[in-house]
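Topology and contacts: notes
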Amino acid sequence: MNKKINISQIRNIGIMAHIDAGKTTVTERILYYTGRSHKIGEVHNGEAVMDWMIDEQDRGITITSAVTTCKWNKSQIQIIDTPGHVDFTIEVERSLRVLDGAVGVFCAVGGVEPQSETVWRQADRYLVPRIAFINKMDRIGANYFNTVKMIKEKLNAVPLILQIPIGEEENFSGVIDLINMKHLTWDDETLGVKYTIKEINPEHREKAEKFHEEFIEALADVDDNIMEKYISEETISVKDLTLAIRDATIKRKLVPVLCGSALKNKGIQLLLNAIENFLPSPVDISSVKGIHPDTKEIINCPANKSAPLSALIFKISMIEGRKLSFARIYSGTLEFGTEVYNPSLKKKEKLSRILKMHANKRERIQQAFAGEIVGIVGLKDSSTGNTLCSEKNPVLLEKIKFNKPVISIAIEPKTHADQEKLDTVLKKFIIEDPTLEIKTDDDTGQIILSGMGELHLEIIISRMIREFKTNVNVGNPQVVYRESIESISQAEALFEKEISGKQHFAKVVIELKPLARGRGVKFKSEISINKIPEKYISAIEKGARDSLESGCLKGYPIVDIQVILKDISFNESQSSELAFLVCSSMACKNALDKGSLFLLQPIMNLEISLPDTYIGDAISDLNTRGGKIESIAPRKDIQIINATAPLARMFGYSTALRSATQGRGTFTMHFSHFDKA
């Protein structure tokens with residue numbers, strides 16, 4: 001970090017949106033206008049700086065979140081450009097975990113689309129302040145105020161309109177800035193670098209004043225200072241308005257709304273001003289809290305470079321055979337060549353390099369401070385979700401939660417040479433992507449690759465072949481099920497065995513009880529803590545959880561179940577943690593055999609867009625797939641069908657929908673929940 005940059009001038013932001021809303025194009029314009037890029041990279045030409053992977057350039061979509069740093073006025077903006085496709089939601093999840101603010105990009109034609117809702121809910125969960133940028137104002141069908149209405153209704157947000165567009169579709173020419181009450185237009189010849197600020201034309205004055213009044217009223221509702229001046233009819237300065245908008249945005253009371261056309265180079269400088277003026281710096285939000293790994297006391301991690309170190313690894317990339325860890329520093333200072341402590345592993349790691357990131361380009365720096373997002377080379381064992389701190393002041397930050405895979409494919413190497421490379425390549429993918437799971441089928445010897453969707457697995461196979469020159473045969477996609485029980489069951493197990501010359505003894509009685517869908521696995525002990533050492537209870541819980549990783553029906557994980565420890569017998573001289581771990585696992589397996597196991601299948605949420613003419617055919621096809629229609633709503637000249645359907649019946653749906661609608665129907669699909677098959 002430039003030493004002249006104060007932590008209050010840092011903005012850690014994410015650009016998030018539905019696929020094809022234009023967020024990568026917005027990011028490319030930001031890099032161009034801040035001088036970080038000297039040429040505008042276009043997504044449709046495969047030249048976007050932030051989409052640097054071959055598959056991203058070929059497909060015109062963002063797959064992996066990229067990090068970059070740029071300067072605007074006095075601020076240092078650190079941007080993460082996140083994917084819009086539902087199969088790569090993990091990239092959004094882990095990015096939001098480390099961001100202070102976000103820009104939601106919406107298409108002025110499509111409005112609030114399904115993945116926009118998904119990422120907005122994720123940002124709600126992490127309490128991330130946001131501003132909204134309504135993009136593609138130049139497109140046929142663009143409707144600014146309809147999109148604002150959808151932000152209010154679909155996202156339960158309170159939009160604060162800061163700009164109104166001058167013209168829409170091909171007539172979009174500029175915006176009226178309601179804070180300064182000025183008319184802005186951009187110069188096409190300079191690719192939007194130069195723009196003109198002028199007085200509002202008489203024909204737009206009445207409309208501008210109406211929206212300015214509404215803007216002040218909305219701000220007065222959440223800010224006492226503005227309310228006081230508004231009621232007493234005092235002049236409200238631009239500075240007053242800016243401070244009030246900033247305060248309301250950081251407290252998540254309002255979402256400032258701006259508009260433009262990134263592709264036509266209109267509106268980006270005002271978006272940069274809004275990022276600087278309204279989104280928080282690391283010191284504007286609550287200090288992150290962690291726990292002491294041993295005492296479990298809560299530890300405050302203030303955004304101060306002099307405080308003890310706390311940093312979270314939120315992403316790992318394997319680049320040119322080297323492990324690159326992305327970390328957000330919450331407090332303290334990272335120094336090149338020093339050792340850091342990983343409390344999860346109880347290990348020290350050495351920092352061989354600290355890097356300031358710009359997509360896939362890197363700049364070496366000697367130090368990094370609280371508030372910064374950096375790349376680190378040299379961490380051998382640390383992984384995504386691990387905390388880095390000092391050994392003298394250990395702290396554990398909250399881990400990142402990942403969804404479990406719902407779809408799998410079988411792969412096998414084509415040649416002996418491919419076999420040798422495959423293990424290395426798969427290890428790399430597992431390190432990079434925590435939502436990817438790999439196991440070997442004991443019966444067939446095939447490698448089973450499980451992920452979040454068909455596109456997710458397709459990209460992995462494509463990268464395997466193109467990046468790593470490893471050729472594989474690929475089986476048809478298979479659904480990843482879960483198992484659960486219908487009735488309460490109880491069983492006991494006795495473990496008596498001599499291991500390495502020492503007798504081991506344990507006896508447990510365990511009850512399994514079904515839970516509501518989506519509750520996962522819970523453990524409860526009914527044994528008094530005075531009756532047995534706590535370490536044995538921990539071993540029993542671990543043994544039970546391990547045994548539920550693979551069910552007795554088809555070998556899928558057991559979910560929605562409570563394990564209750566009912567009774568226990570132990571021997572002071574012969575009992576051990578190992579004995580209780582194995583005994584607990586045996587008791588669980590015995591109870592599962594009595595518990596009426598059944599399969600749970602993944603149910604997907606669908607949003608289908610198609611012309612009126614084909615709605616009957618689409619509904620008929622969904623019914624044959626076991627789908628349930630939840631709502632049908634008109635939008636412009638198309639119909640939007642919201643439905644749920646079992647994933648097992650949705651293979652080949654893309655082709656079926658195209659055939660039924662003569663190529664005019666589109667859909668998005670993402671995981672909703674598991675239900676009885």
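Here the residue numbering is sequential within each chain, running from 1 through the sequence in written order. The predicted nature of this model means local features are confined to residues of pLDDT at least 70 and side-chain atom pairs, given and counted, to a pLDDT of 80 or more, with totals for whole chains, interfaces and linings taken over all residues. Think of the side-chain values as coming from all heavy atoms in the structure, minus any hydrogens and water.

To qualify as a helix, a DSSP run of H or I must reach at least 4 residues; to qualify as a strand, a run of E must reach at least 2; elements of each kind are numbered from the N terminus. In terms of regular secondary structure, the protein chain is built from 15 helices and 38 strands. Relative to the compact-globule value of 26 Å for 677 residues, the protein chain shows a C-alpha radius of gyration of 28 Å, a close match. Expressed as lengths along the three principal axes of its C-alpha atoms, the size of the protein chain is roughly 95 × 65 × 60 Å. For the protein chain, the residues scored as buried account for 54% of the 677 residues in total. Any pair of residues with heavy atoms lying within 4.5 Å of one another is described as a contacting pair. In the protein chain, of all internal contacts separated by at least 6 residues, the share reaching a separation of at least 24 is 72%. Note on areas: these come from Shrake-Rupley sampling with a 1.4 Å probe, and a residue is covered only by the protein chains present in the view. Total accessible area computed for the protein chain in this model is approximately 30,000 Å², and 48% of it derives from carbon and sulfur atoms. Of note, the protein chain has its 88 positive side-chain charges centred 4 Å away from the centre of its 89 negative side-chain charges. The size measure is the radius of gyration over C-alpha atoms, and the globule rule it meets is 2.2 Å times the number of residues to the 0.38 power. To sort residues, take the accessible area from a 1.4 Å probe on protein chains only and compare it with the maximum for the residue type: under 20% means buried, over 50% means exposed, and anything in between is partly exposed. Positive charges come from Lys and Arg alone, negative charges from Asp and Glu alone, with His and the N- and C-terminal ends not counted. Charged side chains are reduced to one point each, which is NZ for Lys, CZ for Arg, CG for Asp and CD for Glu.

Here we take up the side chain of Gln 78. Relative to the helices and strands, Gln 78 is located in strand 3 (residues 75–81). By relative accessible area, which is 1% here, Gln 78 ends up buried. A distance of 3.3 Å separates the side chain of Gln 78 from the backbone oxygen of Gly 371, its partner in a polar contact. Among residues more than four places away in sequence, those in contact with Gln 78 are Ile 10, Arg 11, Asn 12, Ile 13, Thr 68, Thr 69, Gly 371, Glu 372 and Ile 373. Each polar contact in these results corresponds to two N or O atoms within 3.5 Å; when the atoms are within protein, one needs to be able to donate a hydrogen and the other to accept it, and residues that are neighboring in sequence are counted only if both atoms are side-chain atoms.

Okay, the nonpolar core next. Among soluble globular proteins, nonpolar side chains are generally buried collectively. Counting 97 residues, the largest nonpolar core has Ile 30, Val 103, Ile 134, Phe 215, Leu 219 and Ile 275 as its most contacted members. Looking at this core, the element that brings in the most residues is helix 9 (residues 268–278), giving seven residues. Once residues within four sequence positions are removed from consideration, Phe 215 is found in contact with Leu 160, Ile 161, Leu 162, Leu 178, Ile 179, Leu 241 and Ile 245. Only buried residues count toward a nonpolar core. Its members are Ala, Val, Leu, Ile, Met, Phe, Trp, Tyr and Cys residues joined through side-chain atoms within 4.5 Å.

Let us now look at the packing of helix 7 (residues 224–231) against helix 8 (residues 238–250). Where helix 7 contacts helix 8, the two axes come as close as 9 Å, and the packing angle between them is 140°. Classed by the angle they form, the pair helix 7 and helix 8 counts as oblique. Between helix 7 and helix 8, the contacting residues are Asn 225, Ile 226 and Lys 229 on the first element and Asp 240, Leu 241 and Ala 244 on the second. Classifying every residue of the contact of helix 7 with helix 8 by side-chain character gives three nonpolar, one polar and two charged. Note on geometry: axes are lines fitted to C-alpha atoms, helical ones only across the stretch in contact, with angles between N-to-C directions running from 0 to 180 degrees. We call two directions roughly parallel when the angle between them is under 35 degrees, roughly antiparallel when it is over 145, roughly perpendicular when it lies between 65 and 115, and oblique otherwise. In the scheme used here, Gly and all other residues not listed as nonpolar or charged are polar, with Ala, Val, Leu, Ile, Met, Phe, Trp, Tyr, Cys and Pro taken as nonpolar and Asp, Glu, Lys and Arg as charged.

Cysteine sulfur atoms that pair up within 2.5 Å are treated as a disulfide. Scanning the model with the defined rule gives zero disulfides in all. Here Cys 107 is not disulfide-linked; the sulfur of Cys 259 is the nearest cysteine sulfur, at 13 Å. The exposure class of Cys 107 is buried, given its relative accessible area of 6%.

Turning our attention to unusual backbone geometry. The backbone of Asn 156 sits at a positive phi, close to 55°, despite the residue not being glycine. Topologically, Asn 156 is positioned in the loop between helix 5 (144–155) and strand 6 (159–161). The exposed category is assigned to Asn 156, whose relative accessible area is 65%.

This part is about the packing of helix 12 (residues 534–547) against helix 13 (residues 577–594). For the pair helix 12 and helix 13, the least separation of the axes is 7 Å and the interaxial angle reads 40°. It follows from the interaxial angle that helix 12 and helix 13 lie oblique. When you trace helix 12 past helix 13, the crossing you get is right-handed. Of the residues in helix 13, those in contact with Lys 535, Tyr 536, Ala 539, Ile 540, Lys 542, Gly 543, Ala 544 and Ser 547 of helix 12 are Glu 577, Phe 580, Leu 581, Ser 584, Ser 585, Cys 588 and Lys 589. Each helix crossing is assigned a hand: it is left-handed if the near helix lies turned anticlockwise from the far helix by less than a right angle, otherwise right-handed if that turn is clockwise.

Of the strand pairs in this sheet, strand 31 (residues 489–499) and strand 32 (residues 502–514) are connected by 11 bridges, and their pairing is antiparallel. Note on strand 32: the bridge partner recorded for Glu 496 is Phe 505. Two strands pair if DSSP finds at least two bridges between them. Here eight bridges tie strand 32 to strand 34 (residues 561–569), and the two strands are oriented antiparallel to one another. Its bridge partner being in strand 34, Glu 511 is matched across the sheet by Ile 564.

Below, the discussion takes up the pattern of salt bridges. Salt bridges are defined as contacts in which a side-chain nitrogen from Lys or Arg sits within 4 Å of a carboxyl oxygen from Asp or Glu. According to the stated counting rule, one finds 24 salt bridges in the structure shown. The salt bridge involving Arg 625 is made with Asp 621; its shortest N-O contact spans 3.0 Å. Through salt bridges with shared partners, one network takes in Arg 121, Asp 124 and Arg 130.

Let's shift gears to the sheet that holds strand 13 (residues 298–301). Backbone-to-backbone hydrogen bonds pair the strands of a sheet. The strands run either parallel or antiparallel. Strand order in the open sheet formed by three strands is 13-12-24, and the pairing between neighbours is antiparallel. Here the strands that pair on one side only, and so sit at the sheet edges, are strand 13 and strand 24 (396–397).

Here strand 4 (residues 101–107) lies mainly inside the structure; seven of its seven residues are buried. Burial along strand 4 is two-sided: the residues Gly 101, Val 103, Val 105 and Cys 107 and Ala 102, Gly 104 and Phe 106 are all buried. Of the strand pairs in this sheet, strand 1 (residues 10–16) and strand 4 are connected by four bridges, and their pairing is parallel. Opposite Gly 14, over in strand 4, you have Ala 102 as the bridge partner. Here strand 4 pairs with strand 5 (residues 130–135) via six bridges, running parallel. Within strand 5, the position partnered with Ala 102 by the bridge is Arg 130.

Every helix has an expected span of 1.5 Å times one less than the residues it contains. In a regular helix each residue adds 1.5 Å, so 19 residues correspond to 27 Å; helix 6 (residues 202–220) covers 27 Å between its end C-alpha atoms and thus fits that length. Among the residues making up helix 6, those that are buried are Ala 208, Phe 211, His 212, Phe 215, Ile 216, Leu 219 and Ala 220. Of the surrounding secondary structure, the elements contacted by the buried residues of helix 6 are helix 5, strand 6, strand 7 (163–166), strand 8 (174–177), helix 7 and helix 8.

What follows concerns the packing of aromatic side chains. Two rings belonging to Phe, Tyr or Trp (six-membered ring only in the last case) form a pair when the distance between their centres is within 6.5 Å. Interplanar angles under 30 degrees mark stacking, angles over 60 mark edge-to-face geometry, and anything in between is tilted. Enumeration according to the criterion identifies 11 aromatic pairs in this entry. For the cation-ring pair, Arg 130 lies above Trp 120, with the distance from its terminal atom to the ring centre recorded as 4.6 Å. Charge-over-ring contacts are defined here by two conditions on Lys NZ or Arg CZ: a distance within 6 Å of the ring centre and an angle within 35 degrees of the ring normal. Taking NZ or CZ as reference, Lys 305 lies 5.0 Å from the ring centre of Phe 369, over its face.

So, about the sheet that holds strand 34. The four strands lie next to each other as 31-32-34-33, forming an open sheet whose pairing is mixed. The sheet terminates laterally at strand 31 and strand 33 (521–525), the two strands that pair on one side only. Here the strands of the sheet are splayed against their neighbours by 25° on average, with no regard to which way each runs. Contacting strand 32, strand 33 and strand 34, helix 12 crosses the sheet at an angle of about 150° to strand 33. Packed on one face of the sheet, helix 13 meets strand 31, strand 32 and strand 34 and runs near 145° to strand 31.

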